[in-house]
Amino acid sequence: MKNILKLRATGLLLLLLLMISVLGNGIGQAMAADRVYLDITAPETRKIKVAVPWFTNTGEGGMKARIAKDIADTVAKALKFHGIISIIPTSEYKGRQTADWAKLGADYAVLGSYKMFPKKIKLEIRLLDVAENNIILGKSYKGSMSQQNPMIFKFCDAAIKSLTGTEGIASSRIAFVSYEKRTKDVFMTDILGRRIRQVTRHNNLVVSPRFTRDGNFLSYSSYHSGSQKLYITDLRQAKITKSLSRRKGMNLAPTWAPDGKSCILTLSKYGAPDLFRINQQGKILEQLTSRAGVNVSPTYSADGRHIVFVSDRSGRPQLYLMELETKQTKRLTYDGRENAEPNWSPVENKIAYSSLRDGLYQIFTLDPFSAAPPKQLTSDLTRHESPVWSPDGNQILFTQYDGRRQQIYAIMKNGSYQRRVFSFPGSQSSARWAR
């Protein structure tokens, strides 16, 4: 009898320990989930402090100071670009990897080395959690010298994912229209503006670049043939460009469906500018609006079930929401003399758009399915136009015009960290963002 009671007591104890273990794991998982899905763009969130000391040379020839500093500088700028990272200046610890990171107030440190080979470079990069004194991410890359920045960006994306649960945007690409010497052409660059590729060479007027959702194709409208025509370029093949729509009148600003097989654009083939859906071969699949004013600037929801577009059917340009299956449409904006250029976040139901307030266009956001009022992000005395979301949905690019030139700026979705992104000559506008 005593043995039976003893076994029962032991069983109960084991069951109790198992329950504690399960609950503990559950609590730990919940805490991890809280950390992963923390709103890192909330105004009250403190930026993560990161130290990026100079990289060390593990090959022959000892320390090459310029390379060591340049690699660390690129890592630091790519991390800082995300808007959630604060970089501790290397001057505070002379760039040494043996500094006291906790004393410097660092949350994390990026510790790296490089080794040179004939026409190649190898990078070893680790992310140190200072509080835990533990390496939470380690990566090794080897490639040509021209691949150095892409390898660094790849590490930064992995580091941001380790910290937030969401992949970073360091490897993403930005397309824009550049105006110089009386022509407008489309260019593409990395987030730091270091690797620039000219996409169009029409030496004429090119407008409205638009990526497909997978980032493999870029469409744009050009006037080089004498009238506005829509073209699409396969970015994986430098010379493959084809005409998508050469119809009479407007062929403008498509929004690509999530599957990339079709797009919605503005055509004026019947006189009035209306919205049509066409496939990648340019065939019209359906007409979405019909002579209800001027209808332009469509933008797809992430699930492909809705679009938001601009129409002046009420007298002035305002935003409208359409359910594509039923074609039911409702007006979204009432404040502001004009509301235009909507762009739907790729990760949530949030629209960024430009609104004319007191004679200036400002950037606002709204939830198309909520009665909550729009949120104003910009307020300085310049024009803010053409907003577009980052691939992770945390930032917005827009065109700022100060009366002299147009330039590309970025801002976090909570309205913080507004800054100019590039310092190219001439004017730049109409930015688009893709992974």
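Asker: Please provide a residue-by-residue account of the sheet that holds strand S20 (residues 318-323), values included.
Answerer: Sheet architecture is open: four strands sit in the order S18-S19-S20-S21, paired in antiparallel fashion. At either end of the open sheet lies a strand with only one pairing partner, and these are strand S18 (295-300) and strand S21 (329-331). Strand-to-strand twist in this sheet, taken as the mean axis angle between neighbours without regard to direction, amounts to 25 degrees. Relative to strand S19 (residues 306-311), S18 is paired through four bridges, and the arrangement is antiparallel. In the sheet register, Tyr300 faces S19, and the bridge partner there is Ile307.

Asker: Any chance you could break down unusual backbone geometry for me, citing the residues and the numbers?
Answerer: For Lys119, which is not glycine, the phi dihedral falls at a positive 65 degrees. Of note, the phi angle at Ser430 is positive, near 55 degrees, even though the residue is not glycine. For Ser430, the location among the structural elements is in strand S30 (residues 427-434). The class of Ser430 is partly exposed, set by a relative accessible area of 21%.

Asker: Summarise the packing of aromatic side chains; cite the residues concerned and give the values.
Answerer: Here a ring pair, both rings aromatic, is described through the centre-centre distance and the interplanar angle of the planes. Tallied over the full model, the rule gives twelve aromatic pairs. Measuring from centroid to centroid gives 6.1 Å for Tyr270 and Phe276, while their planes differ by 50 degrees, and the two rings are tilted. Judged by relative accessible area, Tyr270 falls into the partly exposed class, the value being 47%. On the basis of an interplanar angle of 15 degrees and a centroid distance of 5.0 Å, the ring pair of Phe422 and Phe424 is categorised as stacked. Each member of the pair, Phe422 as well as Phe424, carries the same accessibility label: buried. Taken together, Phe176, Phe187, Phe422 and Phe424 form an aromatic cluster joined through their ring pairs. Cation over ring: Lys47 sits above Tyr417, and NZ or CZ is 4.2 Å from the ring centre.

Asker: I'd like to hear about the packing of helix H2 (residues 65-80) against helix H4 (residues 148-164), residue by residue, with values.
Answerer: Viewed as axis vectors pointing N to C, H2 and H4 meet at an angle of 45 degrees, and their least axial separation amounts to 9 Å. It follows that H2 is oblique to H4 by the angle criterion. Two packed elements cross with a definite hand, and for H2 against H4 that hand is right-handed. Contact residues: H2 offers Ile71, Thr74, Val75, Ala78 and Leu79, while H4 offers Gln148, Asn149, Ile152, Phe153, Cys156, Ala159 and Ile160. Of the residues belonging to the contact of H2 with H4, the class tally is nine nonpolar, three polar and no charged.

Asker: Account for the pattern of salt bridges, naming residues and giving values.
Answerer: In the structure shown here, the tally under the stated rule is twelve salt bridges. Two residues, Glu286 and Arg277, come together in a salt bridge whose shortest N-O distance is 2.9 Å. Note on Arg277: relative accessible area 23%, which makes it partly exposed. Notably, a salt bridge pairs Arg383 with Glu385, separated by 2.7 Å at the nearest N-O pair. With a relative accessible area of 32%, Arg383 lands in the partly exposed category. A cluster of three or more residues bridged by salt bridges with shared partners is formed by Asp73, Lys77 and Arg194.

Asker: Can you tell me about the pairing of S30, naming the residues and giving the values?
Answerer: By the criterion of burial, S30 is predominantly enclosed, with seven of the eight residues buried. The pairing of strand S7 (residues 173-180) with S30 spans six bridges and is antiparallel. Residue Ala175 lies in a different strand from S30, and its bridge partner there is Arg432.

Asker: Please set out the environment of Ser86 residue by residue, giving values where relevant.
Answerer: Along the chain, the position of Ser86 falls in strand S3 (residues 85-88). We classify Ser86 as partly exposed; its relative accessible area is 29%. Placed 39 residues apart in sequence, Ser86 and Lys47 show a C-alpha to C-alpha distance of 5.8 Å. Excluding residues that lie within four positions of it along the chain, Ser86 makes contacts with Lys47, Ile48, Lys49 and Val50.

So, how was this worked out
- Residues numbered from 1 in each chain as written.
- Predicted model: local features only at pLDDT ≥ 70, side-chain atom pairs only at ≥ 80, totals over all residues.
- Heavy atoms only, no water.
- Pairing = 2+ DSSP bridges.
- Helix = DSSP H or I, 4+ residues; strand = E, 2+ residues; numbered from the N terminus.
- Axes fitted to C-alpha atoms, helices over the stretch in contact; angles between N-to-C directions.
- Buried < 20%, exposed > 50% of the residue type's maximum accessible area, 1.4 Å probe, protein only.
- Phe/Tyr/Trp six-rings, centres within 6.5 Å; stacked < 30°, edge-to-face > 60°.
- Lys NZ or Arg CZ within 6 Å of the ring centre and 35° of its normal.
- Parallel < 35°, antiparallel > 145°, perpendicular 65-115°, else oblique.
- Left-handed = near helix turned anticlockwise from the far one by under 90°.
- Contact = heavy atoms within 4.5 Å.
- Nonpolar A, V, L, I, M, F, W, Y, C, P; charged D, E, K, R; others polar.
- Salt bridge = Lys/Arg side-chain N within 4 Å of Asp/Glu carboxyl O.

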